Amino acid sequence: MRSKEVLKYKILVYILSILIIILFQTTVVDFIKIKNVKPNLILVYTICASILEGSVGGGIIGLFAGLAQDILSGKILGFYALLGMYLGVIAGMINRRLHKDNILVVIFFSFFLTVVYECGVYFLSNIGKEVTNIFYIFKNILYIEALYNAGLSIIIHVLIIKVNTKFEIERKIPAKY
């Protein structure tokens, strides 16, 4: 396959992956809560894909993943899209500085960026309101979600690497004319 065809298939796979994860997030994840906290799979997917794709690809993936989340949440259109885009760009910057296939890098940044993302969501959602029980939120919700997301990032990262490896193999096969 030529690189343009591979890119088209890769984009299609990312879009389908986002849709599948959104469906999974809204249906199955409610049954796998820990201490009444559920993981944010679309956030984990954005982080893992962005680490592999770089800042531009990560920003695009984060934008569309956040847009899908906006459509489902029904609140303000563009809120999660903007946060997802910034998160994708930040996670994609890791691509240049660290070894992107290292699972420890993915676990650490999934934990760290979950904390950053959820703090951003919390503070931006409560602009103009009194912020109370911040320690309760960190201890009983945010910390558990960050650990949960970090654990699930192992599975999602391995799956994304397998899909990307398939596309790299397809790209290296010469086209017949």
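Predicted model only: the values in this text are computed from it and were never measured. (Residues numbered from 1 in each chain as written. Predicted model: local features only at pLDDT ≥ 70, side-chain atom pairs only at ≥ 80, totals over all residues. Heavy atoms only, no water.)

## Observations concerning the packing of aromatic side chains
In this description, an aromatic ring pair is defined by two values, namely the gap between the centres and the angle between the planes.
Consideration 1: The full count for this structure, using the stated rule, is six aromatic pairs.
Consideration 2: Look at Tyr-14 and Tyr-45: their rings are 6.2 Å apart centre to centre, the planes differ by 65 degrees, and that puts the pair in the edge-to-face class. One end of the pair, Tyr-14, is in helix α1 (residues 3-27); the other, Tyr-45, is in helix α2 (residues 41-53), with 31 residues separating them in the sequence. The residues Tyr-14 and Tyr-45 share a single accessibility class, namely buried.
Consideration 3: Pairing Tyr-122 with Phe-123 gives two aromatic rings, centres 5.4 Å apart and planes at 70 degrees, and the pair type is edge-to-face.
Consideration 4: Its relative accessible area of 40% is what places Phe-123 among the partly exposed residues.
Consideration 5: Put simply, the rings of Phe-108, Phe-109 and Phe-112 pair up and form one aromatic cluster. (Phe/Tyr/Trp six-rings, centres within 6.5 Å; stacked < 30°, edge-to-face > 60°. Helix = DSSP H or I, 4+ residues; strand = E, 2+ residues; numbered from the N terminus. Buried < 20%, exposed > 50% of the residue type's maximum accessible area, 1.4 Å probe, protein only.)

## So, the nonpolar core
Consideration 1: Judged by nonpolar contacts, the single largest core of 34 residues is most densely connected at Ile-18, Tyr-45, Ile-47, Ile-51, Tyr-117, Ile-156 and Ile-160.
Consideration 2: Looking at this core, the elements with two or more residues in it are α1, α2, α3 (55-73), α4 (79-97), α5 (103-125) and α6 (134-172).
Consideration 3: Broken down by element, the residue count for this core peaks at 10 residues, all from α2.
Consideration 4: Residues within four places of Ile-51 in sequence aside, it is in contact with Ala-91, Ile-94, Asn-95, Lys-100, Val-106 and Phe-109. (Core = buried A, V, L, I, M, F, W, Y, C linked by side-chain atoms within 4.5 Å. Contact = heavy atoms within 4.5 Å.)

## Digging into unusual backbone geometry
Across the chain, the bulk of peptide bonds are trans and the bulk of non-glycine residues have phi less than zero.
Consideration 1: Positive phi is not limited to glycine here, since Lys-35 has a value of about 50 degrees.
Consideration 2: Among the structural elements, Lys-35 can be located in the loop between α1 and α2.
Consideration 3: Residue Lys-35 is classed as exposed on the basis of its relative accessible area of 68%.
Consideration 4: In this structure, Asn-36 is a non-glycine residue whose phi angle is positive, near 65 degrees.

## A word on the environment of Ile-71
Consideration 1: Structurally, the position occupied by Ile-71 is in helix α3.
Consideration 2: Relative accessible area serves as the criterion here: at 60%, Ile-71 is assigned to the exposed category.
Consideration 3: Considering only alpha carbons, one finds Ile-71 and Tyr-9, 62 residues apart in sequence, at a separation of 24 Å.

## What to know about the packing of α4 against α5
Helix packing geometry: the angle between the two helix axes and the distance between the axes.
Consideration 1: One can describe the packing of α4 onto α5 by two numbers: an axis separation of 11 Å at closest approach and a directional angle of 150 degrees. On the basis of the axis angle, α4 is roughly antiparallel to α5. Considering the relative orientation of α4 and α5, their crossing is right-handed. On the side of α4, the interface is formed by Phe-79, Tyr-80, Leu-83, Gly-84, Leu-87, Ile-90, Ala-91 and Ile-94, while α5 contributes Val-105, Phe-109, Leu-113, Tyr-117, Val-121, Leu-124 and Ser-125.
Consideration 2: By residue class, the composition of the contact of α4 with α5 is 13 nonpolar, two polar and no charged. (Axes fitted to C-alpha atoms, helices over the stretch in contact; angles between N-to-C directions. Parallel < 35°, antiparallel > 145°, perpendicular 65-115°, else oblique. Left-handed = near helix turned anticlockwise from the far one by under 90°. Nonpolar A, V, L, I, M, F, W, Y, C, P; charged D, E, K, R; others polar.)

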